[in-house]
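The primary structure of each chain is shown beneath.
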Amino acid sequence: MSRIFATLAKDNRTDLHATEVGYVVAVGSGIARVEGLPSVKSQELLVFHGGVHGIAFNIDPHEIGVILLGECADIAAGTKVYCTGRVVDIPVGNALLGRVISATGAPLDGGSGIEAVERLPVEQESPSIMERAPVVTPLETGIKVIDALVPIGKGQRELILGDRQTGKTAIALDTIINQQGENVLCIYCAIGQRGSAVAQLIDALRRHGAMAYTIVLVAGGDESPGVQFIAPYAATSIAEYFMRQGRDVLVVYDDLTRHARAYRELSLLLRRPPGREAYPGDIFYIHSRLLERSTHLRPELGGGSLTAMPILETQAQNIADYIPTNLISITDGQIYLSPDFFQKGLLPAVDVGKSVSRVGGKTQLPAYRTITGDLRLAYAQFEELESFARFSTRLDHETLKTIERGRRIREVLKQPQYTPLTTTEQIIILMAATEGYLDNLELQEIADAEERLQQAVLNELPDLEQQILGGKMLGDDDRQLLAESIQRVVQTFRG
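Residues numbered from 1 in each chain as written. Predicted model: local features only at pLDDT ≥ 70, side-chain atom pairs only at ≥ 80, totals over all residues. Heavy atoms only, no water.

Some thoughts on the sheet that holds strand S1 (residues 21–27)
So, point 1. With antiparallel pairing, six strands are arranged side by side around a closed barrel as S1-S2-S5-S4-S3-S6. The sheet shows a mean angle of 45° between the axes of neighbouring strands, taken without regard to direction.
So, point 2. In this sheet, strand S4 (residues 53–59) lies alongside strand S3 (residues 44–48) in antiparallel orientation, the contact comprising three bridges. Directly across from Leu45, in S4, lies its bridge partner Ile55. (Pairing = 2+ DSSP bridges. Helix = DSSP H or I, 4+ residues; strand = E, 2+ residues; numbered from the N terminus. Axes fitted to C-alpha atoms, helices over the stretch in contact; angles between N-to-C directions.)

In structure tokens, the structure reads:
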């Protein structure tokens, strides 16, 4: 009998494993306080009894502050908590293209589950300086005023900021649509947005054929602040996967104002000491470690690039506020949208005087640079003269001529949404305006003249586009041919 029991004991031996179990002592709006789990690590993913996940954020001597990544309705004092031994990660791979997903990688478009190539942590170190290459290639938005005056390069970080309802998302949306056929993958990260607004944006992307190369990651306004906090990091990890494969990626964060508010809410609930405007002192680090992951990699590392386009909402045109000044100092330039321009119908409402690109000017194609080289200075002089002319002062002929030409340049820089233009089309229109070929047209005729110029010149000079996109300078003969073609169209326009 003893042999039988010995055999049974040997065949049914079970290995014992020690499991740490913590307990919730308090739960609030998006956070929980947990006791126990002595081996927990910072940023470790925890799982609560019932399946809700959380991140170990504060590790104090007697308790752990946890950011919840789900609803806290089923969590109460006494709920068990377990360690997972891993950090928060996100699925990556080509299967994500054309999909709408959550910040944790769950599909939100009603489609099938996502077959990920691998999973990457949402928090990763940014590339070192030795891994980075100069930003040398333009990322064309298709928007004249940006490509001409505030150009963006692949690997750059360009901030879009302005008051509420000034067209910030519209610029990002047009930029995504303009990447069709450019071999640039796009990721739109919605943080704290209304579901209806995100649905309209997705519909616009589908109507213009942009969803084929776009991933939409959504952390809606009804999501917990923890989900909104990790969303931009998750989007960046997806982008980094493609960048490491040598691809060019554009990431739009819409918007980091709501991201900062979500982090402030979590920090105050976790009793982190507030600083200026109740934001904790590390809010600068939170955004800098996100945006520093954008870069252009060296050729031996694949040569891929990650271009960041964060969006920020200002209050009462105050760009000297805490979060705007933080992000302006982190990024490589900013595009400021003026509510005054928006109300006057000057769309897109880009304030050229307050907008700057510290990198992108070097990436412009040579032919484009020759046409727009003096445009920024001339436009600034026009705005100053126009404001001076409001005092009804008598002006000389040259000043009046400068003002009239400036008004036509401003009219040319207007552009409806969903109508991105190629580099060649922009060069034709901008040359016509800056060289004075549109001076004899009325302002209301400029829009019609633009359309006819684009069609006629491209038909007359079919090799022009290849020459421009090939990086060649426009020689004197080329400029003469282009000028003659523009003049022929303008002369017959009013007839």
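Notes on the packing of aromatic side chains
So, point 1. Evaluation of the coordinates by the stated rule reveals seven aromatic pairs.
So, point 2. With a centroid separation of 6.0 Å and 50° between ring planes, the pair formed by Tyr279 and Tyr322 is classed as tilted. Taken together, the positions of Tyr279 in the loop between helix H6 (256–269) and helix H7 (283–291) and Tyr322 in helix H8 (residues 322–330) put the pair 43 residues apart, joining distant regions of the chain. Judged on exposure class, the residue Tyr279 and its partner Tyr322 are both buried.
So, point 3. One aromatic cluster in this structure is built from Phe57, Phe229, Tyr233 and Tyr263.
So, point 4. Between Arg207 and the ring centre of Tyr418, over which it is positioned, the NZ or CZ distance is 5.9 Å.
So, point 5. Directly above the aromatic system of Tyr279 lies the positively charged group of Arg264, at a separation of 4.3 Å from the ring centroid. (Phe/Tyr/Trp six-rings, centres within 6.5 Å; stacked < 30°, edge-to-face > 60°. Buried < 20%, exposed > 50% of the residue type's maximum accessible area, 1.4 Å probe, protein only. Lys NZ or Arg CZ within 6 Å of the ring centre and 35° of its normal.)

Quick look at the pattern of salt bridges
So, point 1. Counted according to the given criterion, the structure contains 24 salt bridges.
So, point 2. Between Asp109 and Arg99 there is a salt bridge, with the nearest N and O atoms lying 2.7 Å from each other. Highlighted residues: Asp109 in the loop between strand S8 (100–102) and strand S9 (118–121) and Arg99 in the loop between strand S7 (89–92) and S8, separated in sequence by ten residues.
So, point 3. Residue Arg99 is classed as buried on the basis of its relative accessible area of 13%.
So, point 4. Residue Glu386 is joined to Arg407 by a salt bridge in which the shortest nitrogen-to-oxygen separation is 3.5 Å. On the criterion of sequence distance, the pair formed by Glu386 in helix H11 (residues 375–389) and Arg407 in helix H12 (residues 397–413) is long-range, its members being 21 residues apart.
So, point 5. The network of salt bridges with shared partners includes Glu386, Glu404, Arg407, Arg408 and Arg410. (Salt bridge = Lys/Arg side-chain N within 4 Å of Asp/Glu carboxyl O.)

Quick notes on the layout of surface pockets
So, point 1. Looking at the largest pocket, its volume works out to about 830 Å³.
So, point 2. Lining of the largest pocket is provided by 32 residues; of these, Gln165, Gly167, Lys168, Thr169 and Ala170 occupy positions nearest its centre.
So, point 3. There is about 350 Å³ of room inside the second largest pocket.
So, point 4. Asp374, Ala378, Arg405, Ile409 and Thr434 are, among the 19 residues lining the second largest pocket, the residues nearest its centre.
So, point 5. Listed by contribution, the elements that provide at least two residues to the lining of the second largest pocket are helix H10 (366–372), H11, H12 and helix H13 (423–434).
So, point 6. The leading source of residues in the lining of the second largest pocket is H12, at six residues.
So, point 7. A class-by-class count of the residues in the lining of the second largest pocket yields seven nonpolar, six polar and six charged. (1 Å grid on protein atoms, 1.4 Å probe; cavity = no way out; pocket = protein on both sides within 12 Å on 5 of 7 lines; lining within 4 Å. Points joined across faces, edges and corners; volume = space filled by probe spheres on them. Nonpolar A, V, L, I, M, F, W, Y, C, P; charged D, E, K, R; others polar.)

Remarks on unusual backbone geometry
So, point 1. Residue Asp255 is reached from Asp254 by a cis peptide bond, and omega for that bond is -5°.
So, point 2. Here the amide bond leading from Leu347 into Pro348 is cis, since omega sits at -5°, within 30 degrees of zero.
So, point 3. Along the chain, Pro348 falls in the loop between helix H9 (339–343) and strand S16 (356–357).
So, point 4. With a phi close to 60°, Asn183 is a non-glycine residue in the positive phi region.
So, point 5. Position of Asn183 among the secondary structure elements: in the loop between helix H3 (168–178) and strand S11 (184–191).
So, point 6. Residue classification places Asn183 among the exposed positions, given a relative accessible area of 54%.
So, point 7. Located in the positive-phi region is Arg271, a residue other than glycine, with phi close to 65°.
So, point 8. Inspection of the secondary structure assignment puts Arg271 in the loop between H6 and H7.
So, point 9. A relative accessible area of 65% means that Arg271 is categorised as exposed.

Thoughts on H11
So, point 1. For H11, spanning 15 residues, the distance from its first C-alpha to its last is 21 Å, which sits close to the expected 21 Å at 1.5 Å a residue.
So, point 2. Elements in contact with the buried residues of H11: helix H2 (144–149), H10, H12 and H13. (Expected span 1.5 Å × (residues − 1). Contact = heavy atoms within 4.5 Å.)

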